[in-house]
Amino acid sequence: MSYSANEISALARKAAVGAGFPHGQADQFGQAVAVHLGAGRAPEAVLAALDDPEDSPILRLPLLMDDVLRAVALTGSDVSLTLHPGDDALALAYARLLPVRLVECRVEQRDGAQPRLAVLADPETPSRPALPPRIAVPDALHARLGTLAARTYVPASAGSRQAGAGAGDIDND
Amino acid sequence: MKDLPPQPPQTALRPPAQVMRLSRLGAAFPTRLSFLRCLTRRLADEGAQVTRPVWQIDARGYGHAVYSVPLGGHVYSLVAVSNALPDALRTDRVIATAWDTAYVLYDGVPDADALARLCREAPLQEAGRFTERDLVLSRANKSVRLFNHVVDCLRAGHQPDAAQIDAVGYLMRTTAVYGNGKFGIADRGLIEDRPGIEGPFAAEMLTVWLIRSFTHDLVEHLGGRALDPRLKRHLGIGNSTGLGMAPFLVSHPVLLNNWIMARETALARVRALPGLDADKRARLHTLAARAAAHLQEWQVPDPAHQARIEALRTEWPQIARAIADAPHPEALFTRAAPLSEDAQELTVALLLEPYPELVDGLAACMSDPLGLCAVPFANTADLRSAIDRGFGWALEVDFDCPSQQHQFWYVSEEKLEPRLGLRHQEAGAELESPLDIARRVQALRRDLDRGPNDLRAFRTAHPQHELALRRVLTATHHPYSEIQDNLIGHTCLPIDMLRCKLAFFGAAKFDPKSDRWTRVTLAQGAPLPEDLGTPLADDWWLPVRGA
């Protein structure tokens, strides 16, 4: 089934919180998932990232992207940084969230070496990733994200229904 | 390199420590920068003409209609669907499952298939499924007493009672206006470059303005005769708003900054004017008198809010009288300083109104197409310094005091309704939404004194602080990005956040029903479609019937 980018971002953000990640990293993960899936990349990487809230690209990639941004701002030239094993699958999506125009961005895989993220950016041109109008999401991934997101909702109760929103139930005036 | 045009002179901006307090945000009034004003100005500038290609409404008022309007080189159509609704199901809350009317703003003119799809899906609202051609989803319920009164009067061959129109102000209330990808509708990113709807919430405002026309047409259809245009113009569209609107202001800090920055820059430009010529003085007199009449029309059942309105009615003549002798706008601004925040903010809105040449262009700066564009902090010293400089208001809160953590924001599993709980009495605080910015920044600052000096090592050791760190970075570049109050404290009134946002939409006649939700009137006095080519099109600040 296909969804809007904002639907996917919001769902993935809530799923990350539900999986135990902090809100700040969950925000960026949500945006990155929309970019990742919008580019037609493998959905498995999304679920894998959510596995362990102590050891995940969701925690590491925001730090790496800040390293990239600082380096780009300082040097104005291309940057190449080593990726943690397993972080390469989502690295391009996170890089697309950088607020500058990317002239070139790729993951370099070399035999026997850690993958590296290579970025050539124009720090003078602000940018935001363009997303497709619809993003295809496999049903199994959507269901898993929904299950994790549901952990962030407070169970319904009569008291909450009456008091939590500060409003009555009927408005016939 | 292209030279930038010279900017008008301006005074210093009002400081965030003053402007961004909850109580002042909760005293906001609509201005000529409000989004509905910007929209109707644009429609008028383009000479837009609204057509109604479909009107399939039966004698009971049920069926569907389509309204189309060209704007900025595109055509947009409102699809309106009206159904019977039992009284027992009529609620303004998110937990509602049925409504009197449902709407979609469609990109283009729907063909028969699209129209059939929208007539099927729109009444389902959150349970429906939409496409990227669907730009905005909304619904509205009748104001039962006024809707029936107006229809009954028209059927009886006379116009409705003007006093009742003044008292309510609208025939229907919208209870949600969804944009930006919700339930499958188009992401804002798909339309944010389009002329005419590039501004914040412009597509939503176009929807609301067209819904208002539908409500007018519906009562005329049922009543069998036309409304007096002066009464019709004074029938806006209601809106019932609850807690869902408040987190938006917190989760969109750059956007909030840009709204406030535009208004404050406009004010600073007007305050810098060296004099007040006769035309502007006369205009201010007219507007101040209209504001006074508007305040007389504004009656609410809530005693505390009514007391505020009455205090404002008492104070306002001091501003109105001062116009005669004020040597320049700054004198009026200064005259309001000893008065209530309500009077001060009404004066701000008044001062902007006669100066379209200084104000209107700033509307182009109110969206947020790029988000935060800033180089991250290099080290903990820079971060610590930024917190100390910009978040003193957060550091001074004593979170060991239970009252400072009295409330928590959450999302209920019941139709995902946003709610507010009492931390020390209710379950669910462990799932609270991150609106506790002051507490988070304070915790970050505390850990900075204990943690590694290397910022990367600190962030790795304390991943829970990323949100706070980003807020600090944002505030460093966007001074009006933070509401400078503790949003989980016992004194936090969500209604203040709702009013701030609604005033930027262009709402007036705020009618709080509790400290968590309010009714307002949108587009009251706004031009009718046939007014767009007339001087009425951009002269409806704080409207008064017949003015």
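Everything here concerns the structure above.
Counting from 1, residues in each chain are numbered in the order their sequence is written. Whichever chain is written first becomes A and whichever ligand is written first becomes 1, with later ones labelled in order. Owing to the predicted nature of the model, reporting of local features is limited to residues with pLDDT of at least 70; listing and counting of side-chain atom pairs is limited to 80 or more, with chain, interface and lining totals taken over all residues. Only hydrogens and water are removed before side-chain values are computed, so all heavy atoms of the structure are retained for them.

Enquirer: What exactly am I supposed to notice about the packing of helix 12 (residues 303-322) of chain B against helix 13 (residues 329-336) of chain B here?
Expert: Angle between the axes and distance between the axes are the two parameters that describe a pair of packed helices. All names here are of chain B. Look at helix 12 against helix 13: their axes get within 10 Å of each other, and the N-to-C directions meet at 160°. Taken together, the axes of helix 12 and helix 13 are roughly antiparallel relative to one another. Judged by the twist between their axes, the crossing of helix 12 over helix 13 is right-handed. Seen from helix 12, the contacting residues are Q318, I319 and A322; seen from helix 13, they are L332, R335 and A336. Polar here means any residue outside two lists: the nonpolar Ala, Val, Leu, Ile, Met, Phe, Trp, Tyr, Cys and Pro, and the charged Asp, Glu, Lys and Arg; Gly therefore counts as polar. Split by residue class, the contact of helix 12 with helix 13 holds 4 nonpolar, 1 polar and 1 charged. The convention used is that axes are lines fitted to C-alpha atoms, helices contributing only their stretch in contact, and that angles between N-to-C directions extend from 0 to 180 degrees. Here a helix means four or more residues in a row that DSSP labels H or I, a strand means two or more in a row labelled E, and each is numbered from the N terminus. These descriptions rest on fixed angle ranges, namely under 35 degrees for roughly parallel, over 145 for roughly antiparallel, 65 to 115 for roughly perpendicular, and the rest for oblique. Note on convention: near helix rotated counterclockwise from far helix by under a right angle means a left-handed crossing. Clockwise means right-handed. Whether two residues touch is decided by their heavy atoms; if any such pair falls within 4.5 Å, the residues are in contact.

Enquirer: What is the right way to read the sheet that holds strand 4 (residues 116-126) of chain A from this model?
Expert: Backbone-to-backbone hydrogen bonds join strands into a sheet, with any given pair of strands oriented parallel or antiparallel. Residues and elements named next belong to chain A. One requirement defines pairing of two strands: DSSP has to find at least two bridges between them. Within the open sheet, the 3 strands sit side by side as 2-4-3. Their pairing is antiparallel. Whereas interior strands pair on both sides, the edge strands pair on one side only; in this sheet they are strand 2 (79-82) and strand 3 (100-108). Taking the axes of each pair of neighbouring strands and ignoring which way they run, one obtains an average angle of 20° across the sheet. Bridge analysis of strand 2 against strand 4 gives 4 bridges, and the strand direction is antiparallel. Its bridge partner lying in strand 4, V79 is registered against V119. The strands touched by helix 5 (residues 88-96) are strand 3 and strand 4; relative to strand 3, the strand with the most contacts, the crossing angle is about 170°.

Enquirer: So what exactly am I meant to see when it comes to the environment of B:G63 here?
Expert: Residues and elements named next belong to chain B. Following the sequence through the fold, G63 ends up in strand 2 (residues 63-71). Distance in space between the C-alpha atoms of G63 and C119 is 8.8 Å, their sequence separation being 56 residues. Sequence-distant contacts of G63, that is, excluding residues within four places in its chain, are made with Q56, I57, A80, V81 and S82.

Enquirer: Is there a simple way to explain the nonpolar core in this structure?
Expert: When a protein is soluble and globular, its nonpolar side chains tend to lie buried together. Core analysis: the largest hydrophobic core is formed by 156 residues, its most contacted members being B:L206, B:W409 and B:M497. When residues in this core are grouped by element, the largest group, 12 residues, is from helix 7 (residues 202-223) of chain B. The split into domains, and so the bounds of each, comes from an automatic or database assignment of domains. Each of two domains, domain 1 (22-27 + 253-368) and domain 2 (47-242 + 517-538) of chain B, supplies a minimum of three residues to this core. Residue contacts for B:M497: discarding those within four places in its chain leaves B:L22, B:A246, B:L249, B:V250, B:W409, B:I483, B:L487 and B:C492. We define a nonpolar core as any set of buried Ala, Val, Leu, Ile, Met, Phe, Trp, Tyr and Cys residues linked to one another through side-chain atoms lying within 4.5 Å. Remark: exposure states derive from per-residue accessible area (1.4 Å probe, protein chains only) relative to the maximum for the residue type, with buried under 20%, exposed over 50%, and partly exposed in between. Core analysis: the next-biggest nonpolar cluster, separate from the first, contains 50 residues, A:A49, A:L59, A:L141 and A:A149 among them.

Enquirer: How do you make sense of helix 21 (residues 494-505) of chain B when you look at a structure like this?
Expert: Note that an α-helix has 3.6 residues per turn; residues three or four places apart therefore point the same way. All names here are of chain B. Expected helix span is given by 1.5 Å per residue-to-residue step, counting one fewer step than there are residues. With 12 residues, helix 21 should reach 16 Å at 1.5 Å per residue; the first-to-last C-alpha distance of 17 Å fits that figure. With 12 of 12 residues buried, helix 21 is to be regarded as a mostly interior element. Where helix 21 terminates, the next one or two residues include G506, which has phi positive at roughly 115°.

Enquirer: Can you help me understand the interface of chain B and chain A in this one?
Expert: Many analyses report the size of an interface as the accessible area lost when the parts associate. Listed as interface residues are 62 residues of chain B and, on the opposing side, 48 residues of chain A. When two parts are brought into contact, each loses some accessible area as probed by a 1.4 Å sphere; the total of that loss over both is the buried area. For the chain B and chain A pair, buried surface summed over both sides reaches about 4500 Å², with 50% attributable to carbon and sulfur atoms. By the criterion of area lost to chain A, the three top residues of chain B are B:R93, B:R129 and B:R456, representing 13% of everything that side buries. The rule for a salt bridge is simple: a side-chain nitrogen of Lys or Arg has to be within 4 Å of a carboxyl oxygen of Asp or Glu. Taken together, the connections running from chain B to chain A amount to 7 salt bridges. The partner of A:R161 in a salt bridge is B:E414, with the nearest N and O atoms 2.1 Å apart. Throughout this description, a polar contact denotes any pair of N or O atoms lying within 3.5 Å of each other; where both atoms belong to protein, one of them has to be capable of donating a hydrogen while the other can accept it, and for residues adjacent in sequence the pair is counted only when both atoms sit in side chains. Between the two partners, chain B and chain A, sit 30 residue pairs in polar contact (both at pLDDT 80 or more). Counting only elements with at least two residues in the side of chain B that touches chain A, the list comes to helix 5 (144-155), strand 8 (407-411), strand 9 (418-422), helix 19 (455-461) and helix 20 (466-477) of chain B. Ranked by residue count, the leading element in the side of chain B that touches chain A is helix 19 of chain B, at 3 residues. For the side of chain B that touches chain A, the per-class residue count stands at 28 nonpolar, 12 polar and 22 charged.

That's the geometry; what it means functionally is another story.
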